[in-house]
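# Summary of structural features
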Amino acid sequence: MTVLILTSEEDVTADMVVSKLHGTGTPVLRLDPADLPGKAVLSADYAHGDFDGHLSVNGHVLSMGGLRSIWVRRPGEPAAHAADPSPWLTAETRQALYGMLHSAAARWMNHPRSADQARLKPWQLRVAHLSGFAVPPTVFTTAPRLAREFVEEHRDVVVKSASGPPPGDPALALPTTLIGPDADFSAVAAGPALLQRYVPKRADIRLTCVGPRLFAARKTAEPGQVDGRYGDTGQGWEPVPVPERIGKSVHEYVTLAGLAYAAFDFAEDEDGIWWFLECNQGGQFGFVELETGQPISETVALWLAQWRSDRNPVRLR
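Please read these numbers as outputs of a predicted model, since none were measured by experiment.

### Some points on helix 8 (residues 296-305)
Because the α-helix completes a turn every 3.6 residues, residues three or four places apart line up on one side. Most of helix 8 is tucked away, with 9 of its 10 residues classed as buried. When we look at burial in helix 8, the residues that qualify are Ile296, Ser297, Thr299, Val300, Ala301, Leu302, Trp303, Leu304 and Ala305.

### Examining the sheet that holds strand 8 (residues 138-141)
In space, the 4 strands of this open sheet follow the order 8-11-9-10, with antiparallel pairing throughout. Strand pairing shows two members of the sheet lacking a second neighbour, strand 8 and strand 10 (177-179), which therefore form its edges. The average undirected angle you get between the axes of adjacent strands in this sheet is 30°. The pairing of strand 9 (residues 157-160) with strand 10 spans 3 bridges and is antiparallel. Residue pairing across strands places Val157 opposite Ile179, the latter belonging to strand 10. The strands touched by helix 5 (residues 144-154) are strand 8, strand 9, strand 10 and strand 11 (193-197); relative to strand 11, the strand with the most contacts, the crossing angle is about 15°.

### Overview of the sheet that holds strand 3 (residues 40-47)
An order of 3-4-5 is seen for the 3 strands of this open sheet, with the pairing classed as antiparallel. The open sheet has two free edges, formed respectively by strand 3 and strand 5 (60-63), since each of these has just one partner strand. Taken pair by pair, the neighbouring strands of this sheet meet at an average axis angle of 15°, ignoring direction. Both strand 4 (residues 50-57) and strand 5 contribute to a ladder of 4 bridges, which runs antiparallel. By the bridge assignment for strand 5, Leu55 is matched with Leu62. Taken strand by strand, helix 2 (residues 87-103) contacts strand 3 and strand 4, and its axis lies near 55° from that of strand 3.

### Considerations on the packing of aromatic side chains
Geometrically, a pair of aromatic rings is defined through the distance of the ring centres and the angle of the planes. Tallied over the full model, the rule gives 13 aromatic pairs. A ring pair is formed by Phe133 and Phe266, whose centres lie 5.5 Å apart and whose planes are at 55°; its orientation type is tilted. With a gap of 133 residues between them, Phe133 in the loop between helix 4 (121-131) and strand 8 and Phe266 in strand 15 (residues 261-268) connect regions that are remote in the sequence. Overall, the relative accessible area of 6% leaves Phe133 in the buried class. Judged by its relative accessible area of 1%, Phe266 is buried. The structure contains a cluster of three or more aromatic residues connected by ring pairs, namely Phe133, Tyr253, Phe264, Phe266, Trp274 and Phe276. Directly above the ring of Trp303 sits Arg107, whose terminal nitrogen or CZ lies 3.7 Å from the centroid. In this structure, Arg197 is placed above the aromatic ring of Trp275, and the distance from its NZ or CZ to the ring centre is 5.2 Å.

The rules we used
Residues numbered from 1 in each chain as written. Predicted model: local features only at pLDDT ≥ 70, side-chain atom pairs only at ≥ 80, totals over all residues. Heavy atoms only, no water. Buried < 20%, exposed > 50% of the residue type's maximum accessible area, 1.4 Å probe, protein only. Helix = DSSP H or I, 4+ residues; strand = E, 2+ residues; numbered from the N terminus. Pairing = 2+ DSSP bridges. Axes fitted to C-alpha atoms, helices over the stretch in contact; angles between N-to-C directions. Contact = heavy atoms within 4.5 Å. Phe/Tyr/Trp six-rings, centres within 6.5 Å; stacked < 30°, edge-to-face > 60°. Lys NZ or Arg CZ within 6 Å of the ring centre and 35° of its normal.

What is shown is where atoms sit, not what they do.
This is the structure we're talking about:
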């Protein structure tokens, strides 16, 4: 039974997991959907009330009947590398590839349907509340008056992107920015703004959830630091235990979201409270593992290698 990894050609984090899978003797096929059609070939047969499908990548053939699990890591846009790419070809290729994969009896990390929903920041905040996390007051609005009233109420407020940096070359950096009541809110009418009460933090927390396993890491923040993703603070990530209440909320969150993998970001305040900031369903973990030594890639590999049948399952340690 084979593990299929959907990711780009250059993905060091995926390389770490592939190495662990090879160590367990689990067959792996790696595919970038951008290479289909071209370097990769697919065929799906729906006849006589049955289904059969095959993927061929660089001469390696995978039958859908032999597909154990699918890791949706960092896949490219279907048909992006085709000789004559077009929106139509991308749509047709996506239909063929993902329609075939959805027809197979395989485990997903994460299922595309759940992953698409999990990317929505407003939905994340709702699930975070339902899961029992501490969540800073937040507003999404296109009304300048409401934005101004929110900032006047909470005083110290940050504005940040809901969807991440916009596409472009070179890529743009959009750090979370602290604003005050004297800011000009007129531009809010041109596009939704995400405003959130600022949490003065003493540390950033990254918690990686892989199936039932939780790995938390902490990095001390500099005084007045707003966005820990940008700039060198001189501090490194260190492993920390997961508080029981946080662990319970994490498991509740991933259950509600239907996720097998999730990377949570928290701001730890001076009272030790972990404030929920976001949950990235496809977040990086390589940098945390390299600094902390936490066996995240091994745990991902073991989850992918595990078969849903009770026959000779691979047990997570």
